[in-house]
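So the chains spell out like this:
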Amino acid sequence: ARSLAKEGIASLRFDKRGVGASKTLRDGRPFDEAAINIHTSAEDAASLAQWMRNQPGIKKTALAGHSEGGLLALLAAKSQKVDHIVLLTTAGRPLGTVLRKQFDRQPIPEAMKVEVERVLDVLETGGDPGALRPPLDLICIPGGITGVVRAMADRDTIEFVQRQARTAKYVTSV
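Throughout, a residue's number is its position along its own chain's written sequence, starting from 1. In keeping with the predicted nature of the model, local features appear solely for residues at pLDDT of at least 70, side-chain atom pairs appear and are counted solely at 80 or more, and the whole-chain, interface and lining totals rest on all residues. Side-chain metrics in this entry use all non-hydrogen atoms of the structure; hydrogen atoms and water are not considered.

**Student:** Explain the overall build of the protein chain to me, please; I cannot follow it from the model alone.
**Tutor:** Comment: elements are numbered from the N terminus, with helices defined as DSSP H or I runs of at least four residues and strands as E runs of at least two. Across its full length, the protein chain holds seven helices and two strands. Scanning the protein chain from its N terminus toward the C terminus, one meets helices and strands in the order α-α-β-α-β-α-α-α-α. What makes two residues a contact is simply this: any of their non-hydrogen atoms within 4.5 Å. If you take every contact in the protein chain between residues at least 6 apart in sequence, the share linking residues at least 24 apart comes to 47%.

Structure, rendered in structure tokens:
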């Protein structure tokens, strides 16, 4: 945001609810973590993009996101007009696929790999995997990766991402 400002480009950088400087409500109370998910985060991003678009002097808006923030940018763009979307190291495949590859590369017991597969299968179909033992319990924290897996398995989201990819301009650097 500071580098953009130096170039005369207005930007708005924010932390998702419950993260970083956004750990509490304005009155100091903590967020209800059970109410925070990938969709509420995307709604926040869309609302902020709309607010930014309505500021004096703003002619165009872009949503930029890194990793999970890229998914949020894509989801926000489904409901809010933006001129550009910038994705930095955002998964281009369903997250269940990405997570399976990551877990396959880990030196973890076979029983845990079987449990990971079960949990991902359940999440991808919108189900509740039930109580999990550590360390897999971290997958299902409120507002955590559970919602991301479900969002990336959602047919509307996948089709929207595919439409965006067909018209995208790709830039790579080393």
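**Student:** I tried to follow the nonpolar core on my own but got confused; where do I start?
**Tutor:** For soluble globular proteins, the rule of thumb is that nonpolar side chains tend to be buried together. Definition of nonpolar core: a set of buried residues of the types Ala, Val, Leu, Ile, Met, Phe, Trp, Tyr and Cys, connected through side-chain atoms within 4.5 Å. Each residue's exposure class comes from its accessible area (1.4 Å probe, protein chains only) as a fraction of the maximum for that residue type: buried when under 20%, exposed when over 50%, partly exposed otherwise. Counting residues in each nonpolar core, the largest one holds nine residues, listed as Leu-95, Val-98, Leu-99, Val-116, Val-119, Leu-120, Leu-123, Leu-132 and Leu-136. Put simply, the parts of the chain that give this core at least two residues each are helix H4 (95-104) and helix H5 (110-124). Among the elements that take part in this core, H5 stands out by supplying four residues, more than any other. Membership of the second largest hydrophobic core comes to eight residues, among which are Ala-46, Leu-63, Ala-73 and Ala-76.

**Student:** How should I be thinking about the environment of Ser-79 in this particular structure?
**Tutor:** Here Ser-79 is to be found in helix H3 (residues 68-79). The spatial distance from the C-alpha of Ser-79 to the C-alpha of Ala-42 is 9.2 Å, given a sequence separation of 37 residues.

**Student:** Explanation requested: the environment of Thr-24 in the structure shown.
**Tutor:** Secondary-structure assignment places Thr-24 in the loop between helix H1 (2-6) and helix H2 (38-53). For Thr-24, a relative accessible area of 40% translates into the label partly exposed. With residues near it in sequence (within four places) discarded, Thr-24 still touches Arg-29, Pro-30 and Phe-31.

**Student:** Hey, could you run me through the side chain of Thr-61 in this one?
**Tutor:** Relative to the helices and strands, Thr-61 resides in the loop between H2 and strand E1 (62-66). Pairs of N or O atoms are called polar contacts if they sit within 3.5 Å, as long as, within protein, a hydrogen donor faces a hydrogen acceptor (for residues adjacent in sequence, only side-chain-to-side-chain pairs). A polar side-chain atom of Thr-61 sits 3.0 Å from a polar atom in the side chain of Arg-53. In this structure Thr-61 touches Ala-49, Met-52, Arg-53, Lys-81, Val-82, Asp-83 and His-84, once residues within four positions along its chain are discounted.

**Student:** How should the side chain of Arg-100 be read in this particular structure?
**Tutor:** With respect to the secondary-structure elements, Arg-100 resides in helix H4. Residue classification places Arg-100 among the buried positions, given a relative accessible area of 18%. The contact partners of Arg-100, leaving out residues within four places of it in the chain, are Glu-117, Leu-120, Asp-121 and Glu-124.

**Student:** When you look at the pairing of strand E2 (residues 84-88) in this model, what are you seeing that I'm missing?
**Tutor:** The two faces of the sheet receive side chains in turn, since in a regular strand these alternate between them. In this scheme, strands are said to pair when DSSP sees at least two bridges between them. Here E1 pairs with E2 via five bridges, running parallel. If you follow Gly-65 over to E2, its bridge partner there is Leu-87.

**Student:** Just to check I follow, could you spell out H5 for this structure?
**Tutor:** In an α-helix, one full turn covers 3.6 residues, which means residues spaced three or four apart are oriented alike. Helices are assigned an expected span. That span is 1.5 Å times one less than the residue count. Counted at 1.5 Å a residue, the expected span for H5 with its 15 residues is 21 Å, and the 21 Å between its end C-alpha atoms agrees. Inspection of H5 places Val-116, Val-119, Leu-120, Val-122 and Leu-123 among the buried residues, and these make up the whole buried set. Buried residues of H5, viewed axially, fall in a sector of 160°; they line one side. Of the exposed residues in H5, the ones pointing more than 90 degrees away from its buried face are Glu-110, Ala-111 and Val-114. Think of the arc as the fan of directions from the helix axis to the C-beta atoms.

**Student:** Explain the pattern of salt bridges to me, please; I cannot follow it from the model alone.
**Tutor:** Pairing of side chains with opposite charge becomes possible as their charged atoms draw close. Think of a salt bridge as a Lys or Arg side-chain nitrogen and an Asp or Glu carboxyl oxygen that are within 4 Å of each other. Taken as a whole and assessed by the stated rule, the structure comprises five salt bridges. Because the salt bridges share partners, they merge into one network encompassing Arg-53, Lys-81 and Asp-83.

**Student:** Is there a simple way to think about the pairing of E1 in this case?
**Tutor:** Burial along E1 is one-sided: Leu-63 and Gly-65 are buried, and none of Ala-62, Ala-64 and His-66, which face the opposite way, are. Here, the term right-handed applies to a crossover whose path from the first strand over the helix to the second runs clockwise when the strands point away from the viewer. In this fold, E1 hands off to H3, which returns the chain to E2; that crossover is right-handed.

**Student:** Explain the environment of Arg-118 here, please?
**Tutor:** In this structure, Arg-118 sits in helix H5. Note on Arg-118: relative accessible area 32%, which makes it partly exposed. Remark: the alpha-carbon pair of Arg-118 and Pro-129, spanning eleven residues in sequence, is separated by 7.9 Å.

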